[in-house]
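The primary structure of each chain is shown beneath.
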Amino acid sequence: KAGVTQTPRYLIKTRGQQVTLSCSPISGHRSVSWYQQTPGQGLQFLFEYFSETQRNKGNFPGRFSGRQFSNSRSEMNVSTLELGDSALYLCASSLAGASVETQYFGPGTRLLVL
Amino acid sequence: AQSVTQPDIHITVSEGASLELRCNYSYGATPYLFWYVQSPGQGLQLLLKYFSGDTLVQGIKGFEAEFKRSQSSFNLRKPSVHWSDAAEYFCAVGASGGYQKVTFGIGTKLQVIP
């Protein structure tokens, strides 16, 4: 079974631009979660989607948004990029999104904002 | 809301020595607890998890962890460390009965010296 894939793997943007990241979950998984990872902050939860609906949201500004498609693929968008948005963005999938389930992580998209 | 503390940001051990990584959590009920490992340039991989039953949990790669409710701890152990164990380790807590909003610790970076 193919694992979680994320595209692109690397991105360089400038302040003020917007960016869209993509995540394809493991086949059969319907829950997708997004995390921001930065040195010193660890993983910060962004949001979780299940059946095209956002079920949980972390404490991030409205510039961070996401969506999920009917095939469970998910995208996250960051508008009006700031230097502090430079981070590794990780996507994780699980079967139904219950807290007890194992999350399977993709390799991440490394975003650098100049 | 749940929280996780990993008091050691960086640990160095000699190959063949024993290892213990500390994790303390805060949560009102019985939590779901996880340890994940992240190798350089990769996503996170589950080592083990606890959600009920035996408080000593065995995981992959020879790791184990013990849930101690009285101490709110879930420390990760390995009797003999191999050079390939060098990575970053994350403890995480999930709310029992809820959906995916797992809170991760800041991570402990393990260095293994020959």
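Calculation criteria
- Residues numbered from 1 in each chain as written.
- Chains lettered and ligands numbered in written order.
- Predicted model: local features only at pLDDT ≥ 70, side-chain atom pairs only at ≥ 80, totals over all residues.
- Heavy atoms only, no water.
- Helix = DSSP H or I, 4+ residues; strand = E, 2+ residues; numbered from the N terminus.
- Buried < 20%, exposed > 50% of the residue type's maximum accessible area, 1.4 Å probe, protein only.
- Contact = heavy atoms within 4.5 Å.
- Pairing = 2+ DSSP bridges.
- Axes fitted to C-alpha atoms, helices over the stretch in contact; angles between N-to-C directions.
- Patch = residues over 30% accessible without salt bridge, like charges linked within 9 Å, V, L, I, M, F, W, Y side chains within 5 Å.
- Areas by Shrake-Rupley, 256 points an atom, 1.4 Å probe, with all protein chains shown as cover.
- Salt bridge = Lys/Arg side-chain N within 4 Å of Asp/Glu carboxyl O.
- Buried area = accessible area lost by both parts, 1.4 Å probe.
- Polar contact = N/O pair within 3.5 Å; in protein donor to acceptor, adjacent residues only side chain to side chain.
- Nonpolar A, V, L, I, M, F, W, Y, C, P; charged D, E, K, R; others polar.
- Disulfide = S-S within 2.5 Å.

## Description of the overall build of chain B
Step number 1: Helix and strand counts for chain B come out as zero helices and 12 strands.
Step number 2: Reading the secondary structure of chain B in the N-to-C direction produces β-β-β-β-β-β-β-β-β-β-β-β.
Step number 3: Each of the three principal axes of chain B carries a C-alpha extent, and together these read 45 × 30 × 20 Å.
Step number 4: When each of the 114 residues of chain B is scored for burial, the buried share is 46%.
Step number 5: Nonlocal contacts in chain B, meaning residues at least 24 apart in sequence, comprise 55% of its contacts between residues at least 6 apart.

## Things to note about the sheet that holds strand S7 (residues 64–68) of chain A
Residues and elements named next belong to chain A.
Step number 1: Read from one edge to the other, the open sheet built from four strands follows the order S1-S3-S8-S7, with strand pairing classed as antiparallel. Two strands close off the open sheet at either side, each with one partner strand: strand S1 (5–7) and S7. Ignoring strand direction, the axes of neighbouring strands in this sheet form an average angle of 20 degrees.
Step number 2: Both strand S3 (residues 19–24) and strand S8 (residues 74–78) contribute to a ladder of five bridges, which runs antiparallel. Residue pairing in the sheet places Thr20 in a bridge with Asn77 of S8.

## Notes on a nonpolar patch on the surface
Residue and element names in this part refer to chain A.
Step number 1: Residues Ile12, Leu112 and Leu114 make up a contiguous nonpolar surface patch of roughly 300 Å² in combined accessible area.
Step number 2: As for its placement among the helices and strands, Leu114 is situated in the segment after strand S11 (109–113).
Step number 3: By relative accessible area, Leu114 is classed as exposed at 52%.

## Some points on the interface of chain A and chain B
Step number 1: Contacts between chain A and chain B engage 28 residues on the former and 23 residues on the latter.
Step number 2: Across the chain A/chain B interface, buried area totals approximately 1,900 Å², and carbon plus sulfur atoms make up 53% of it.
Step number 3: Put simply, chain A and chain B have zero salt bridges between them.
Step number 4: The interface formed by chain A and chain B holds five residue pairs in polar contact (both at pLDDT 80 or more) in total.
Step number 5: Where the side of chain A that touches chain B is concerned, the elements lending two or more residues are strand S4 (31–38), strand S5 (42–50), strand S6 (53–57) and strand S9 (87–94) of chain A.
Step number 6: The residue inventory of the side of chain A that touches chain B, partitioned by class, reads 10 nonpolar, 13 polar and five charged.

## Description of the state of the cysteines
Step number 1: Under the counting rule described, the total for this entry stands at two disulfides over all chains.
Step number 2: Bridging A:Cys23 to A:Cys91, the disulfide has an S-S length of 1.7 Å. On the sign convention where negative is left-handed, the bridge of A:Cys23 and A:Cys91, at about -40 degrees about the S-S bond, is left-handed. On the criterion of sequence distance, the pair formed by A:Cys23 in strand S3 and A:Cys91 in strand S9 is long-range, its members being 68 residues apart.
Step number 3: Linked covalently through their sulfurs, B:Cys23 and B:Cys91 form a disulfide whose S-S length is 1.9 Å.

## Looking at the pattern of salt bridges
All names here are of chain A.
Step number 1: Within this structure, the stated rule accounts for nine salt bridges over all chains.
Step number 2: Two residues, Asp85 and Arg63, come together in a salt bridge whose shortest N-O distance is 2.8 Å. One end of the pair, Asp85, is in the loop between S8 and S9; the other, Arg63, is in the loop between S6 and S7, and 22 residues separate them in sequence. There is no split in this pair, since Asp85 and Arg63 are both buried.

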